[in-house]
Amino acid sequence: MIFSFNLFINAIVSGILIGGFYAAVTSGVSLAFGILDIVNIAHPAFIILGSYVAYIVNASFGFDPILTSIVVIPAFYALGAAIYQIYYVSFEKRGQESLRGLAFFFGLLFITEVSLVLYFGVDYRYVDAPYIGPTWHFGNIDMPLRILVPCLVSLVLIAALELVLTRTFIGRAIMAVAQDQQALRLMAVDPVRIKRIAFGISIATASLAGAFLIIIQPVEPSVGREYIGRVFAICVLGGMGSLPGTVIAAMLLGVVESFTATFYGPSWAPAVSFGFLLLTLAVRPAGLLGR
Amino acid sequence: MTDANTELLQVDNLGKRFGGFVALENISLAVTAGERLGLIGPNGSGKSTLVNCICGTLRNEEGSVHFDGRKLDGLRAHQRTHLGLARSFQLPRPFVSLSLIDNIRIPRLYTVAARGHSHAASDVEERCAALLREVGLETKARQRPRDLTQVEMRKLELARAMASEPKLLMADEAMAGLTPSEVEDILALLVRLNEQGVTIILIEHIMRAVMSFSRRLVVLVSGRKIADGAPNEVMRDPEVERAYLGQ
Amino acid sequence: MRTPAFLVICLIVAAAVFATAVGVGNDYVFFAGYVVLQYVVLSTAWNILGGYCGYVNFGTAAFFALGAYSTVAIYKLIAVSELPHVVPIPVLMLIGGVVSGIVGFGMGYLTLRLRGAFFSIATLALAVVLETLVVNWDYVGGSRGAYVIRPEELPLIGNYIRYLFLMMLLLAVAAITIARLIEHSRLGYGFATIRDDELAAEASGVPTLRLKLIATTISGTLMGMAGAPFPYYIGFLQPDSTFALDYAVNSIAMPLIGGTTSWAGPLIGTLLLGTLQQIITVTISSAVNLLLVGCLLVLFVIVAPNGIVGLVHTYLQRKPEDFVGRRRVGADAAGSLS
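Basis of the calculations
Residues numbered from 1 in each chain as written. Chains lettered and ligands numbered in written order. Predicted model: local features only at pLDDT ≥ 70, side-chain atom pairs only at ≥ 80, totals over all residues. Helix = DSSP H or I, 4+ residues; strand = E, 2+ residues; numbered from the N terminus. Expected span 1.5 Å × (residues − 1). Buried ≥ 20, exposed ≤ 12 C-beta atoms within 10 Å, placed from the backbone. Pairing = 2+ DSSP bridges. Contact = placed C-beta atoms within 7 Å. Axes fitted to C-alpha atoms, helices over the stretch in contact; angles between N-to-C directions. Right-handed = clockwise from strand over helix to strand, strands pointing away.

K.L.:
How should helix H9 (residues 208–227) of chain C be read in this particular structure?
P.N.:
Three or four residues apart is the spacing at which side chains of an α-helix point the same way, because the helix has 3.6 residues per turn. Spanning 20 residues, H9 of chain C covers 28 Å between terminal C-alpha atoms, matching the ideal 28 Å at 1.5 Å per step. Summarising burial for H9 of chain C: 17 of the 20 residues are buried, a large majority.

So this is what it looks like as structure tokens:
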């Protein structure tokens, strides 16, 4: 491999940018798994769903994918709330979430992915937007807008989520539910309703993340699978529910992946995130900024 | 083998933290073989945490625990059970997919057998049934825990702890929410157990039961031990009155 | 029923199955049957860790592939040496099983101290890491794949596919017998306590980590053994298809649909689902097939958590959990229900 400073700097920059995007992708899982202990391994499938929604609207009407994804947030929220309700009644209430709840989400992952294959086929889909082509140059540093824009909007999303979790009543109720459901009940707040809202928010983030994804790269149904490892690796490394931790872990992973792809070749890329995950679980399950 | 005056359990300067919260600080305690010790304190004072640390369910950051002459640090919970420590859980945790008699069988299969006292299978069966009889549950031997009432679940919880043939049993709030006659039942059970040679630590809120059962009383408040002695003296201690009784 | 008796009955049934298959006279029976039998082993193996202990393994494909690629590695090794070209399948199964077992043990050692959810996610990670390693390892063909030439005829049995079918049949019998043996032993009780309440299990003296490691190792070994003959079956081994998530979803769906608390569940689930899948794949498409599996999984998990075995027993007024932890000696004379 030929080491050049240029390559090095650009690898770092692109790693950070993509890391911002990864943080948005993971935010839903940080909420559902990190805070509420719901192991939704189907989350990447919902992101792909978001990508396809953005694709359809963009292909048919030319609307901007990010704006589209914001408009459909209520639909994704409703989907999330409905799924949680089923999950709660069927599994959480009966104490079956560790085996059957997990299998449930795994089944959902499959159903979503295969339905998309049946409906759209396995061709790669992409969207058109004015910021997808151009690249900004700062000296030797290249920042493709198609990654920069999603990265920036992702960071805004994360900041908004963090504000909601720390400043609003619902947000703090969500944090409280994770710690002491009994106390919440005593305050006449229904923990199930809070968790339903939280899970709805979690899936709503998938809508946005899906739009970001299809802006950054062409999408086909099985792309979601690469993200399962990434998402959980970042969530665990980031300290399970700490949004700032998620951002740091996401950027770290982004940089490592970027280096691996640049200097060793892209065929090793999937192993990076999953390897990260295994390493984190084996060595420091509490994450970097661990609870 | 410990004779009557050796310290069976020795807790030295035990400390436990959860993040920034100090659950237990500088707890030192000694329990003689055959003793009946009562452990009381307000809610959240760290009683269950102490039990968890002694049993190995939680790891204490500071201090050490010695049992029957052996240092327990680093030993996992099941190893401590093999050595003769047993506990019942505050909220009963039965094995829901097994019948009552199978619940009792587990400690026999895994603890008693591990000590090298293997019995013939039919003998095991009889001993399990006998244990259920002691707690009055033998008619429900083939049923599942979900068919039990609250009281019965607590009795099962105690019976399961007893099934491991412990030297020391920690009963964690086994009587909460029971009627006075049910409390008497459990108390009688524990006294019988003690008479058979089992050392008992009773963690309770029901003062009447604690006072009648304990030969020695230890008081925990906010993670610290504030009193340790004969029950009547401890109850007259002004600090105990202030912290626990006389709000 | 004592285990030796059970084993004999299974072998008799197996012999009948083989004889019937030969009688049909169409090799397709062997090809399709092999896949079903393979899944019997995979789902029974999965259930030992998943159904009995409650730890979900998403990485069935990883252990399966370890067995398959061990065979490929040996095949390539032998091809350049002077040794006879055909290694008997049982030997390959043993080797594949050992490799998988070791990896299973290692992975368990790293992750079983953590909560079940972390273990499950780690198994997913393992599958991908392994696949990436294989794709980049040219010795076994890398992403291009590896050809394995199937030997011709064998004396007595007939063509090679019949031999493979027979081997898988015997492995299936072994897997089911092992599962049943575990259920009726002290190990089975221990597994059940881990599933029900690990904390209480520890407090009762159950060495939970050791038992979980045993379960993971047995499960991984059986999966590796199921994978060992696969290169000979398929002729051309590709990482894509070998590591496919299909293995994971099937080995989870079959026990959950059939019933997780006994050895009969995975068997029933596999026979039903496996046959259904063969039909759908051939008549409609393999994508619809996967959709169906996913839907059935979700449906059963919500509506019939104890699977078909559970439904049958509720219908017969008995409880399906009776199957777990039946005593092997003694008290049958006491006239007990369980």
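Anyway, onward from the coordinates.
K.L.:
What's the story with the sheet that holds strand S4 (residues 62–67) of chain B in this structure? I'm lost.
P.N.:
In sheet architecture, strand pairing relies on hydrogen bonds along the backbone and comes in two forms, parallel and antiparallel. All names here are of chain B. Strand order in this open sheet of four strands is S2-S1-S4-S5, and the pairing throughout is antiparallel. For this open sheet the edge positions go to strand S2 (21–32) and strand S5 (70–71), each flanked by a neighbour on one side alone. Pairing geometry for strand S1 (residues 7–18) and S4, over five bridges, is antiparallel. Bridge pairing links valine 11 to valine 65 in S4. Sitting on the sheet, helix H1 (residues 47–55) touches S1, S2 and S4, and the angle it makes with S2 is about 65°.

K.L.:
Would you explain the pairing of strand S8 (residues 199–203) of chain B in this entry?
P.N.:
Strand residues, when the strand is regular, have side chains that alternate between the two faces of the sheet. Residue and element names in this part refer to chain B. Where burial is concerned, most of S8 is hidden: five out of the five residues are buried. Where burial is concerned, the two faces of S8 agree: the one with Thr199, Ile201 and Ile203 and the one with Ile200 and Leu202 are both buried. Inspection of the sheet shows strand S3 (residues 36–40) paired to S8 by four bridges, in the parallel sense. Paired with glycine 38 across the two strands is leucine 202, which belongs to S8. Where strand S7 (residues 168–172) and S8 come together, five bridges link them in parallel fashion. Across the sheet, residue leucine 169 finds its bridge partner in S8, namely isoleucine 200. In this region the chain leaves S7, passes through helix H6 (residues 180–195) and returns to the parallel neighbour S8; the handedness of that crossover is right-handed.

K.L.:
Any chance you could explain unusual backbone geometry here in plain terms?
P.N.:
Most peptide bonds take the trans form, and the phi angle of most residues other than glycine is negative. Residue and element names in this part refer to chain B. If you check the backbone angles, glutamate 173 has positive phi at about 45° while not being a glycine. Take glutamate 173: it is sitting in the loop between S7 and H6. C-beta crowding within 10 Å serves as the criterion here: with 19 such atoms nearby, glutamate 173 is assigned to the partly exposed category. A positive phi angle, close to 50°, is found at serine 222, a residue other than glycine. Tracing the backbone shows serine 222 in the loop between strand S9 (216–221) and strand S10 (224–229).

Keep in mind these numbers describe shape, not what the thing actually does.
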